[in-house]
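# Architecture at a glance
Single-letter residue listing:
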Amino acid sequence: MRLRFIAKLSLLHLLRSWRTTVVLSFMVIFAVGALVFLAALAIGTNDAMIRNSIGLFSGHISGTNILPGSDTSLLQVEGVEHVLRRTEHRFLLWTDDIFETVLLMGVDPVQEKQSTVLWKKSVAGRYLLAGEEAIFINQETASRLQVEVGGQVKLGSRPGEVLKTFTVIGIYHTGISQLDQGLAFCPVEVFPKPDSPINVAVFLHYGTPTKTVVERYRELMPSATFKDWPEFMPDLKQLIDLNFVCMAIVMILVFVLVSVGISCAFLIFTLRNMREHGILKAMGILPVDTALLLVTQIAFLTIFAALIGEIAGIAAVALFSESGIDLTTLTSHNQYFSVSGVIYPRLTLASLLPSPLLAVFFGLAAAVWPAIYIIRKSPADILRSV
């Protein structure tokens, strides 16, 4: 039997039983459309976690152990948006007889406000201004020193040795322990020890591979240490990988269930049309052609339904891709959403391709049971049972 004839006969069978075709197609359309949207939402969630984590303070790439006096403008290579230079040193901070050890960072307030959002996490006061004799400290340190905005704190290497007296201009809280414990900021112009080690936070243009930039940096400054965000935030990298694994498991489970439904429905569909299959076999149609007829019918149904589901999923993503989905109330205590709880679904090949491909694969697998049932029946048995 020619393939063209089998294809034509399959389409006629589907059109003749259009109600059954519509019901079965709806299962595939809904599954594909929903999973395309969920995959895009999962990618958008990953984007939001990365954006929140790097945008708060660290940047895409962190550079440490840079020698004092180094020209960090060399790091402004292709693909880099901003390079934030920070000088740091550990000091003793005190008020009266209360002492706290802090890691003080000298920063450029203007650049920090352009690239990071740590300044938005102020719970009292405001952020730094360039050149002012002021300090921006975390809430925990301020509580231990029993100091408020406008209060004075002394800074030095040891008790009694005062290098600077700062005014507390602002107090912040991020909800992230690394930033909320023992960290303070002042303008780089008033940093007590300008010859201290230099750190940098590098922010990249969208789509720039971090590994490529890190390798370039290691060539430019071999003595320094450069890490991209998957290296210095391995917990976030693992969480993103886990999201992909969970999404893959969900897709497989959904289409396993859909394929079982299609298989059962087509078996019923086949039993209802047993007379036609018996006549075809009596006419001399080979068993393999009978099986191919069923496989072609299911293939046409799943491919057509998967395409419609893909379009529906793309439309759903387009609906929310600009406005986003605000999950702030569900992420207010999550460190990976400390900046914003808005998620923007994003379409990629990873969200577009797996769902329709799995639909077709499991749809074809669903044809095995009905096909075996028909192949095993002889024409006489079929016609006798009708």
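Scoring rules and cut-offs
- Residues numbered from 1 in each chain as written.
- Predicted model: local features only at pLDDT ≥ 70, side-chain atom pairs only at ≥ 80, totals over all residues.
- Heavy atoms only, no water.
- Helix = DSSP H or I, 4+ residues; strand = E, 2+ residues; numbered from the N terminus.
- Contact = heavy atoms within 4.5 Å.
- Areas by Shrake-Rupley, 256 points an atom, 1.4 Å probe, with all protein chains shown as cover.
- Buried < 20%, exposed > 50% of the residue type's maximum accessible area, 1.4 Å probe, protein only.
- Expected span 1.5 Å × (residues − 1).
- Arc of directions from axis to C-beta.

Moving on, we come to the overall build of the protein. The secondary structure content of the protein amounts to 15 helices and 12 strands. Long-range pairs, those at least 24 residues apart, make up 79% of the contacts in the protein with a sequence separation of at least 6. Surface summary for the protein: the accessible area is close to 19,500 Å², and the carbon and sulfur share equals 63%.

Further remarks concern unusual backbone geometry. Unlike most non-glycine residues, Asn65 shows phi in positive territory, near 60°. Note that Asn65 resides in strand β1 (residues 61–66). In this structure, Asp96 is a non-glycine residue whose phi angle is positive, near 55°. For Asp96, a relative accessible area of 73% puts it in the exposed group.

A rise of 1.5 Å per residue sets the reference length of helix α13 (residues 354–366), with its 13 residues, at 18 Å; its end C-alpha atoms lie 18 Å apart and thus fit the reference within 8%. Taken residue by residue, α13 has Ser355, Pro356, Leu358, Ala359, Phe362, Gly363 and Ala366 as its buried positions. Considered in projection along α13, the buried side chains sweep an arc of 160° and stay on one side of the axis. Opposite the packed face of α13, turned more than 90 degrees from it, sit the exposed residues Leu357 and Phe361.

Here we take up the side chain of Asn52. With respect to the helices, strands and loops of the structure, Asn52 is situated in helix α2 (residues 18–58). Those residues within four positions of Asn52 in sequence are excluded, and the remaining contacts are Tyr336, Phe337, Ser338, Val339 and Ser340.

Everything listed here is a matter of geometry and, on its own, says nothing about what the molecule does.
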